[in-house]
Amino acid sequence: MRWEGRGLSPDKRDEGNGDPAETTGAERAGGGQSGSRADSALEAARISLAMRTRELVQAVLLSDVAIAELGAAAAEVGSLAARLGTRQQPGLMKSEVGRADAPRRVVHSPVTGEANPVAPPIRITTTPEGTARADFILGPVYEGPRDAVHGGVCAAILDSLLGAAAAAGHRPGMTARLILSYLRPTPLGVPLVAEAWIRGVDRRTTLVDGRILNERGELTVEAAGEFSLPLHWPHRG
């Protein structure tokens, strides 16, 4: 299949409240209303920690303090890692898999996860018509070429965005193919817009297009993707 990318056109993290200080996964197992509140409080705490960790990552990247100060900071970070590691889950929190046509919020996603400090600060919003959009600013942590976003980061964002559009349009699936055209550098430190929309359907495959625009509305990257629903997907039908 050949993709024609030019001239594509489509026709927006809430933190919970509560004191999560003594809430663990085991204590949330009781369920019910109190369990739901505990889940919200724990998720809010994780999101807050991830946000602060992103700040730390950028500070590490840009810091120009003395060597002794870097060493002291490294020791403090090591102590924090040990503190958080005193009790750990056997694995990541798994998102409940519901209907195949229901978009899921995965807080530990490495691309859009609010509780994952590796993820860029992106929030995707969708419509039932099968469109998705994200407005965001990327800092130096995501730099590739000088003053520009790394192409792999752009690819990951568009992959997630196109998948979100497919799911929102009741045509979810795993990425089967993703083709990108890099037209100009995607700048750091300015407002960016990423958009995606369903272009068509071919049996089990959903065809989705997308793009990233810079602060002047100029196209920097465009994408064409194919998303197919695996046969083993729970509640497929």
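For the structure itself, consult the block above.
Small disclaimer: the values here were computed from a predicted structure and weren't measured. (Residues numbered from 1 in each chain as written. Predicted model: local features only at pLDDT ≥ 70, side-chain atom pairs only at ≥ 80, totals over all residues. Heavy atoms only, no water.)

So, the nonpolar core
Membership of the largest hydrophobic core comes to 27 residues, with the highest contact counts inside it found for Phe136 and Leu138. Residue contributions to this core peak at 9 residues, all from helix H3 (residues 151-168). Filtering out sequence-adjacent residues up to four positions away, leucine 138 remains in contact with Pro120, Pro121, Val149, Val153, Ile157, Leu188 and Gly189. (Core = buried A, V, L, I, M, F, W, Y, C linked by side-chain atoms within 4.5 Å. Buried < 20%, exposed > 50% of the residue type's maximum accessible area, 1.4 Å probe, protein only. Helix = DSSP H or I, 4+ residues; strand = E, 2+ residues; numbered from the N terminus. Contact = heavy atoms within 4.5 Å.)

So, the pattern of salt bridges
Should their charged atoms come close, side chains of opposite charge can pair. A complete count under the given rule lists 9 salt bridges for this structure. Here glutamate 195 and arginine 211 are joined by a salt bridge, their closest N and O atoms 2.7 Å apart. Highlighted residues: glutamate 195 in strand S4 (residues 192-202) and arginine 211 in strand S5 (residues 205-213), separated in sequence by 16 residues. An identical accessibility class is assigned to glutamate 195 and arginine 211; each is buried. (Salt bridge = Lys/Arg side-chain N within 4 Å of Asp/Glu carboxyl O.)

Regarding the environment of valine 141
Within the secondary structure, valine 141 sits in the loop between strand S2 (131-136) and H3. You can call valine 141 partly exposed: its relative accessible area is 31%. Once the C-alpha coordinates of valine 141 and proline 120 are considered, the two residues, 21 residues apart in sequence, prove to be 8.8 Å apart. Non-local contacts of valine 141, meaning those with residues more than four positions away in its chain, are made with Val57, Gln58 and Leu61.

Some details on unusual backbone geometry
Here the phi dihedral of aspartate 147 falls at roughly 65 degrees; this positive angle occurs in a residue that is not glycine. The phi angle at histidine 170 is positive, at roughly 65 degrees, despite the residue not being glycine. If you trace the backbone, histidine 170 turns up in the loop between H3 and strand S3 (174-182). According to the relative accessible area criterion, histidine 170 is partly exposed, its value standing at 46%.

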